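# Inside the fold
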Amino acid sequence: MDKRKFLDAALIILFLLTMSFYFLSRILHEILGLIMAAGVFGHVFINRRRFFSAFKGKLSARKVFSNAINLFLIANFLTVLITGIFLSNYIFHDFIPLELRRNMIFHQLHVALPYSMMILIGLHIGLHWKELREKFLRFMKNSLLEKILAALIICAGVYGSFLNRVGDRILMKHIFATPATELSLPIFLLILLSTILLYAVLIVLAEKIFKLK
């Protein structure tokens, strides 16, 4: 596995784990968040030429949409990272003023934005699906298995979104626990992954229906 494949897979795993803070100690959540941050910066650096070239040349509807998703994703991630540092209970605790650590707006943003980030990651994956399929799932290309898997992902993703109350979380409603957090960690991770992939499948289907170029 080359470094890009490894990093892509590692980022998904790290994101799922950091989203599972109900099951982890707070210090482990902070450590995983910082490792993920390093991975994200590495991902952007490795793909920097592709990222900047996306703003050059003729801007099609698909290109504009893809650029917007990437920019929103970066802004979303940076906000989650910065608010996470402000709310740190361990690693940055001694460097952050008390008023920042107790700021409710920062807390609400840090809790809500990972769920919008989950949607953006799904859209990002969907926009690069052809490339990712060639790297990881070449054996499923244009197969019945791929269609069955897409249907299962849609069902699991929609169900998982309701279990996790994703809409309410994005709206920053006060939620301490959901039916999803009562499940075991492996099932919770699977639900999160299904929700991410739901949006990847939807954007792939949208491209096929509207033939976006």
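Above this text sits the structure in question.
So, here is what we can say about the structure in this document. These numbers were taken from a predicted model, which means no experiment stands behind them.

So, about the overall build of the protein. A count of helices and strands for the protein gives 10 helices and 0 strands. Scanning the protein from its N terminus toward the C terminus, one meets helices and strands in the order α-α-α-α-α-α-α-α-α-α. For the protein, whose C-alpha radius of gyration is 18 Å, the value lies close to the compact-globule estimate of 17 Å for 213 residues. Viewed in the frame of its principal axes, the protein has a C-alpha envelope of about 55 × 40 × 35 Å.

On the surface, a nonpolar cluster with roughly 550 Å² of combined accessible area is contributed by Ile27, Leu28, Ile31, Leu34, Ile35, Tyr90 and Ile91. Relative to the assigned elements, Leu28 resides in helix H2 (residues 26–46).

Moving on to the side chain of Arg169. Turning to its location among the elements, Arg169 is positioned in helix H9 (residues 166–170). It turns out Arg169 is buried and unbridged, and the closest side chain with the opposite charge, Asp168, is 8.4 Å from it. Looking at Arg169, its side chain comes within polar contact range of the main-chain oxygen of Asn164, at 2.9 Å. Apart from residues no more than four positions distant in its own chain, Arg169 is found in contact with Tyr22, Val111, Ala112, Tyr115, Asn164, Ile175, Thr178 and Thr181.

Counting 33 residues, the largest nonpolar core has Phe15, Met36, Phe77, Met117, Met118, Ile121 and Ile196 as its most contacted members. Within the residue set of this core, elements represented by two or more residues are helix H1 (3–19), H2, helix H4 (61–86), helix H6 (104–127) and helix H10 (185–210). In terms of residue count, the dominant contributor to this core is H6 (9 residues). Ignoring any residue separated from it by four or fewer positions in sequence, one finds Met36 in contact with Leu11, Leu14, Phe15, Thr18, Phe77 and Met117.

Aromatic ring pairs: the centre-centre distance and the angle between the two ring planes describe each pair. Applying the stated rule across the entire model yields 4 aromatic pairs. Ring geometry for Phe23 versus Phe188: centroids 5.1 Å apart, planes at 50°, classification tilted. Separated by 165 residues along the polypeptide, Phe23 in the loop between H1 and H2 and Phe188 in helix H10 bring together distant segments of the chain. Given the relative accessible area of 28%, Phe23 is considered partly exposed.

Residues apart from glycine generally show negative phi values, whereas peptide bonds are mostly found in trans. Of note, the phi angle at Arg165 is positive, near 50°, even though the residue is not glycine. With respect to the element layout, Arg165 can be found in the loop between helix H8 (144–164) and H9. Here Met172, not a glycine, exhibits a phi torsion of approximately 65°, which is positive. Its place among the elements puts Met172 in the loop between H9 and H10.

Glancing now at the pattern of salt bridges. Counting across every chain of the model gives 2 salt bridges. With a shortest N-O distance of 3.1 Å, Asp168 and Arg165 are connected by a salt bridge. Note that Lys173 is salt-bridged to Asp168, the shortest N-O span being 3.2 Å. Connected through salt bridges with shared partners, the residues Arg165, Asp168 and Lys173 form a single ionic network.

In a regular helix each residue adds 1.5 Å, so 17 residues correspond to 24 Å; H1 covers 24 Å between its end C-alpha atoms and thus fits that length. Listing the buried residues of H1 in full gives Leu7, Asp8, Ala10, Leu11, Leu14, Phe15, Leu16, Thr18 and Met19.

Our focus in this paragraph is H8. Given a rise of 1.5 Å per residue, 21 residues ought to cover 30 Å, and the 30 Å separating the end C-alpha atoms of H8 matches this to within 8%. Listed as buried for H8 are Glu146, Ile153, Gly157, Gly160, Ser161, Leu163 and Asn164. Projected down its long axis, H8 carries its buried residues within an arc of 145°, all on one side. Every exposed residue of H8 that faces more than 90 degrees away from the buried side is listed here: Leu144, Lys147, Leu152, Cys155, Tyr159 and Phe162. Among the residues trailing H8, Arg165 stands out with phi positive, at a value near 50°.

This next bit is on the side chain of Asn164. Looking at where Asn164 falls in the secondary structure, it is placed in helix H8. A polar atom in the side chain of Asn164 sits 3.5 Å from the side chain of Thr178. Each residue touching Asn164, except ones within four places of it in the same chain, is listed here: Tyr115, Arg169, Thr178, Ala180, Phe188, Ile191 and Leu192.

What counts and what doesn't
- Counting restarts for each chain: residues are numbered from 1 in the order of the written sequence.
- Restriction of local features to residues with pLDDT of at least 70 applies here, the model being predicted, together with a cutoff of 80 or more for giving and counting side-chain atom pairs; totals for whole chains, interfaces and linings are based on all residues.
- To get the side-chain values, take all heavy atoms of the structure and skip hydrogens and water.
- Helical segments are the DSSP runs of H or I of at least four residues, strand segments are the runs of E of at least two, and each set is numbered from the N terminus.
- Values of the radius of gyration come from C-alpha atoms, whereas the globule rule sets the reference at 2.2 Å times the count of residues to the power 0.38.
- Only residues whose relative accessible area exceeds 30% and that take part in no salt bridge are eligible for patches, with like-charged residues grouped when within 9 Å of each other and nonpolar side chains (Val, Leu, Ile, Met, Phe, Trp, Tyr) grouped when within 5 Å.
- Calculation of accessible area relied on Shrake-Rupley with a 1.4 Å probe; when residues are assessed, cover is drawn exclusively from the protein chains displayed.
- We define a salt bridge as a contact between a side-chain nitrogen of Lys or Arg and a carboxyl oxygen of Asp or Glu at a distance within 4 Å.
- Think of it in three bands: residues with accessible area under 20% of the maximum for their type are buried, residues over 50% are exposed, and the middle band is partly exposed, with areas taken using a 1.4 Å probe on protein chains only.
- Under the counting rule used here, the positive set is Lys and Arg, the negative set is Asp and Glu, and His together with the chain ends is not counted.
- As used in this structure description, the phrase polar contact means that two N or O atoms lie within 3.5 Å; if the pair is within protein, one of them must be able to donate a hydrogen and the other to accept it, and residues adjacent in sequence are counted only when both atoms belong to side chains.
- Contacts are assigned to residue pairs that have any heavy atoms within 4.5 Å of one another.
- Remark: nonpolar core denotes a set of buried residues (Ala, Val, Leu, Ile, Met, Phe, Trp, Tyr, Cys) joined through side-chain atoms within 4.5 Å.
- Planes of paired rings set the category: under 30 degrees apart is stacked, over 60 is edge-to-face and the rest tilted, where pairs are Phe, Tyr or Trp rings (Trp by its six-membered ring) whose centres lie within 6.5 Å.
- To estimate the expected span of a helix, subtract one from its residue number and multiply by 1.5 Å.
- What the arc describes is the spread of directions from the helix axis to the C-beta atoms.

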